[in-house]
Structure formats: structure tokens, C-alpha cells
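Tertiary structure, described
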Amino acid sequence: MAADLEYYRRTAITRLSMRSDDDRRLLLDTIEEWRDGCNLASDLAWNQCHSKSVIEDIARDKIQNQTGLGSQHAILACHEVSRAIKSGIECRQKGKKTSQPQFTAQSITYDRRTLTVFPEKETVSLTTLGDHSRVHADLVLPDDESGYQYTYLNNDVWEHTESTLHYRDGSFYLHLGYRKPKPKQTDESTTENGTVLGVDLGVNQIAVTSTARFFSAGELNHTRREFEKTRSGLQQTGTQSAHRTIEQMSGREDKYVKHVLHSVANGIVEEALQHECDGIVFEDLTGIRDRLRDTVWHSVWAFRTLMQYVEYKAEAEGVFVDTVDPKNTSKRCADCGCVHDNNRDQDVFNCVQCGNRNHADYNAAKNIAELYLLRGHQLPSGRSVSQYALKSGLMTPS
Ligand SMILES: [Zn+2]
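Since the structure is predicted, the reported quantities are computational estimates derived from the model, not experimental observations.

Quick notes on the rules
Residues numbered from 1 in each chain as written. Predicted model: local features only at pLDDT ≥ 70, side-chain atom pairs only at ≥ 80, totals over all residues. Heavy atoms only, no water. Helix = DSSP H or I, 4+ residues; strand = E, 2+ residues; numbered from the N terminus. Buried < 20%, exposed > 50% of the residue type's maximum accessible area, 1.4 Å probe, protein only. Contact = heavy atoms within 4.5 Å. Areas by Shrake-Rupley, 256 points an atom, 1.4 Å probe, with all protein chains shown as cover. Axes fitted to C-alpha atoms, helices over the stretch in contact; angles between N-to-C directions. Parallel < 35°, antiparallel > 145°, perpendicular 65-115°, else oblique. Left-handed = near helix turned anticlockwise from the far one by under 90°. Nonpolar A, V, L, I, M, F, W, Y, C, P; charged D, E, K, R; others polar. Expected span 1.5 Å × (residues − 1). Bend = angle between axes of the 7 residues up to and from the residue. Pairing = 2+ DSSP bridges. Core = buried A, V, L, I, M, F, W, Y, C linked by side-chain atoms within 4.5 Å. Polar contact = N/O pair within 3.5 Å; in protein donor to acceptor, adjacent residues only side chain to side chain. Donors = N, O, S within 2.8 Å, 3.2 Å for Na, K, Ca; no water. Tetrahedral: all angles 85-135°; square planar, octahedral: opposite > 155°, others 65-115°. Phe/Tyr/Trp six-rings, centres within 6.5 Å; stacked < 30°, edge-to-face > 60°. Lys NZ or Arg CZ within 6 Å of the ring centre and 35° of its normal. pLDDT = per-residue confidence, 0-100. Salt bridge = Lys/Arg side-chain N within 4 Å of Asp/Glu carboxyl O.

**Here's the deal with the overall build of the protein**
A tally of helices and strands in the protein yields 9 helices and 18 strands. Within the protein, the fraction of its 398 residues that count as buried is 47%. Within the protein, residue pairs in contact and separated by at least 24 positions form 64% of the contacts whose partners lie at least 6 positions apart. Split by element, the accessible area of the protein, about 21,000 Å² in all, is 45% carbon and sulfur.

**What about the packing of helix α1 (residues 21–45) against helix α2 (residues 52–66)?**
Contact pair α1 / α2: the axes reach a minimum separation of 9 Å and the direction vectors enclose 140 degrees. Between α1 and α2, the crossing angle belongs to the class labelled oblique. In terms of crossing hand, the pair formed by α1 and α2 is right-handed. Of the residues in α2, those in contact with G37, L40, A41, L44 and A45 of α1 are I55, I58, A59, K62, I63 and Q66. Per-class residue counts for the contact of α1 with α2 are 8 nonpolar, 2 polar and 1 charged.

**Quick notes on α2**
With 15 residues, α2 extends 20 Å from end C-alpha to end C-alpha; this agrees with the ideal 21 Å at 1.5 Å per step. Along α2, the sharpest kink reaches roughly 45 degrees, centred on A59. Those residues of α2 not exposed but buried are I55, A59 and I63. At its buried positions, α2 is contacted by α1 and α3 (71–93).

**Brief notes about the sheet that holds strand β14 (residues 344–345)**
The pairing of strands in a sheet happens through backbone hydrogen bonds and is either parallel or antiparallel. Read from one edge of the open sheet, 3 strands run β14-β15-β16, paired in antiparallel fashion. Bordering the open sheet on either side are β14 and β16 (357–359), each of which pairs with just one other strand. In terms of strand pairing, β14 meets strand β15 (residues 348–350) through 2 bridges, oriented antiparallel. In the strand pairing of β15, D345 is matched with V348.

**Overview of the nonpolar core**
Counting 79 residues, the largest nonpolar core has L16, I268 and I280 as its most contacted members. The element that contributes the greatest number of residues to this core is helix α6 (residues 240–274), accounting for 10 residues. When sequence neighbours within four positions are dropped, the list of residues in contact with L16 reads V124, L126, A137, D138, L139, V140, L165, F172 and L174. Grouped together as the second largest cluster of nonpolar side chains are 15 residues, F320, V324, Y362 and Y388 included.

**Topic: α1**
Over its 25 residues, α1 runs 36 Å from end to end, which matches the ideal 36 Å to within 8%, given 1.5 Å per residue. N-capping of α1 is provided by S20, with a side-chain oxygen placed 3.4 Å from the backbone N of D22. After α1 finishes, the residue N47 shows a positive phi value of roughly 65 degrees.

**Structural notes on the coordination of the zinc ion**
Protein coordination of the zinc ion is provided by C333 (SG), C336 (SG), C351 (SG) and C354 (SG), with donor distances spanning 2.2 to 2.4 Å. In this structure, the zinc ion is coordinated by 4 donor atoms arranged in tetrahedral fashion, with angles at the metal of 106 to 114 degrees. Each donor residue of the zinc ion belongs to the same chain, and together they define the spacing C-x2-C-x14-C-x2-C. On the criterion of sequence distance, the pair formed by C333 in the loop between β13 (320–324) and β14 and C354 in the loop between β15 and β16 is long-range, its members being 21 residues apart.

**Comments concerning unusual backbone geometry**
Phi at E122 takes a positive value of approximately 55 degrees, unusual for a residue other than glycine. If you trace the backbone, E122 turns up in the loop between β3 (115–118) and β4 (123–127). The partly exposed category is assigned to E122, whose relative accessible area is 28%. Look at E276: it is not a glycine, yet its phi comes out positive at around 50 degrees. Position of E276 among the secondary structure elements: in the loop between α6 and β12 (279–283). Taking the relative accessible area as the measure of exposure, E276 reaches 37% and is therefore partly exposed.

**Remarks on the packing of aromatic side chains**
Going through the model one piece at a time under the given rule, you end up with 4 aromatic pairs. Between Y152 and Y178, the ring centres sit 5.9 Å apart and the planes meet at 25 degrees, which makes this aromatic pair stacked. Placement of Y152 in helix α4 (residues 149–153) and of Y178 in strand β8 (residues 171–181) is noted, with a sequence separation of 26 residues between them. Of the residues examined, Y152 reaches a relative accessible area of 1% and is grouped as buried. Here the aromatic residues Y152, W158 and Y178 are joined through ring pairs into a cluster of three or more. Positioned over the ring face of F118 is K121, at 4.8 Å from the centre of the ring.

**Some words on the confidence of the model for the protein**
Across the protein, pLDDT averages 86, with 89% of residues at or above 70. Here residues 185–191 is a poorly scored stretch, pLDDT under 50, and it has 3 contacts once near neighbours within four places are set aside; other chains count.

**Examining the pattern of salt bridges**
Applying the stated rule across the entire model yields 17 salt bridges. The partner of D361 in a salt bridge is R344, and the shortest N-O contact between them spans 3.3 Å. Of this pair, D361 sits in helix α9 (residues 360–374) while R344 sits in strand β14; the two residues are 17 residues apart in sequence, bridging distant segments of the chain. With a relative accessible area of 6%, D361 lands in the buried category. Shared partners join several salt bridges into a network, and the residues in it are R224, E228, R231 and E253.

Written out as C-alpha cells, the structure is:
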């Protein structure tokens, strides 16, 4: 028998806008029945079996008779319970305590039979109770056409697969699952190559990617200067209440900076996903510290925090994060490799050897990716990283 196809898997998260209170009620009822169905199957199967088909045999009819779920959701509930019991068994094999799976979350699983996506209308239809009741809802997508969700919605290469609907803080969120087959590895010589995204961090541009996405620090720098002005005014006042205000302000400033860093981190991870990168590469912090010795707002703290955010978000998407020794990334031409002091003038990179002219931080981002590749890193899967994502297509260093 042929081996199962392996897939790349991605999730596109969007909020749903419901069209009526009845629809909202119906979906909430469906979630409740789903939990009952899962708990019922869990009661029947726990300590008996964990295979999908056996659980279907013993629990499927009962779920259909005792809950309001339709036939397909009864099957999906059996599969959900099978997964939960299997992971319980794995935990037990590792010596951890496990107990019977209980289903309490405000969420429900959908598949292609129970959820239809209409990308061009940006709507979905979801099965609710029984086999014939459906509600239609609108996807609340970013106005900006570059929202990463569009990559999967409007793309035939990505196939819509199992999804989950979550109810949280009064809203429904759809985690749309997408997959596409990994290319088959036919023989040793054609093993697939890994791709990385290079990211340069800096003061005027918080981050620039090797795909030429720029995250400007303009507004951040401006806001921090405003905070600084107010603070020094208050310090001159010197009263106790001025002191209290300064403390409150620094809390607000911290919160603001973290908010900006979160959104930059999201953008970097989106960029990596859009270009199907296996990893994201930064220069290491010692390099940043040396290079940015005299800068105003920046602190190594901000860059470290940004890298942590990226790492955390990337990990959830199966993308690794690594760093590279940044030696010469700002003076080296990413096109011809020439390293020269005169190659860079402020934001402009202009190679004295080959004439390559580009934004200096973009050139640096490409260098970071390229230096990482040239040092022959291996992916966790054993494949080697051999290309990096560029603005127009992939670049393989010679
Ligand atoms: Zn050059």
C-alpha cells in the first residue's frame, strides 16, 4: 500500500459575524450538544478502546439518539474522543497520570461535510443540530488585502480540511484548517530543500525581512519621545503626585511598546507562512548590541522581547527560529558577497563592486538568511536549509 501523503498544515483564524440572534443561539446549542456527545462517547470508550472505528461502532448511534447532533457530527465526536484517549494512553506510557477525557471547552470540530467555505463571498455555512439545519455567517477578515488568511482562502493549492469553531468573550472564532500535500521524495538526490526568512532588526525600521517587508519604527520612536518629554517635565516638578504620574506613565509606555512588538512579531510570522518558510533567522543579540550602541529608544530588551514573541508564535505554526552571527551583515553585498566599508551610507546600500543598490536593512536581511544557509544548517527533519525567501521567488546562494 502506498504511504499516506504527508501534508503541510496551516490554520487561518477569523472572527465570525452572525446574522441573527437565532443563529447565534443555534450555534451555542450545537456546541453544547457536541460536548454532551463527546462526553457520552468518552464514557463508553474509556478503558475499552481507542480506535476510531470501534468507537464509532459503540457510540455513534447513541450520540445520534441522545443528543441533537446530526450523523456527521456524531462521527466527528467519536474521532475527537479517539484522539483524546490516544493522547491519554501516550501520557500514561510516559509514566504520567491520566484520567478519562472530559469535554468542557466552548468549541466544536467541523469538517468539509459540515462546514462549507465560500471564499469569494467571504462567508461560511455551518451544520448545526440535525442533518439539515445550517447557519450562514460572514468572515470578519482584515481590510488589508495582505491579511495572511487570504493566502489560504483564495488559493486552490491549499485544501480546506478539519476546522474548529470556538466561542470566546461573546464572539465566535473559526480556526479554518488548510493543508497541501508535501512533495514526494522520490530519491535521495531530490530531497526537498528547506527555506528560511532572514530578518534584520534596527532602529529606524524595527524589522525588515528578506522578502522586503518593512516594519517602520517611526510611530514607536515618536511616541516614546513624547513620553520622554512629559516625563522630564514631571521630573522637574518633583512633587509626590508628579512622581506617581511618572510611574503610571511608564506602565502605559511599556504596554504600548509590547503592543507594537506583538504586531511586528505577528507580521514576521505571517510573512514566513506566506512564503512557506521552514524557519526565521535573526542576527544574534550580541551583534545588535554592538551595532546599535548609541541609539535612542532602542534597548536590547525590546529586540529580545520581539524575538521571544516571534519564537512563541512561530512555534505554534511549526516554524523554527534561529540566530546567526551577524559579522559584516551591514557591509556585505547580498548579491555579490563583496564586503566593503563604503558599501553602506546610512539607509542606502550601494555595492562598490557590482553596483547593487538597495535599502541597507533589506540587504542586511538577505545577508542574514544567506549567511545562515552558507553555514550549512540542518532542519529538525534532517533536510538541509538551502534557500531563502526573497521578494520575488526563492534565492539559492551559489
Ligand atoms: Zn555587490
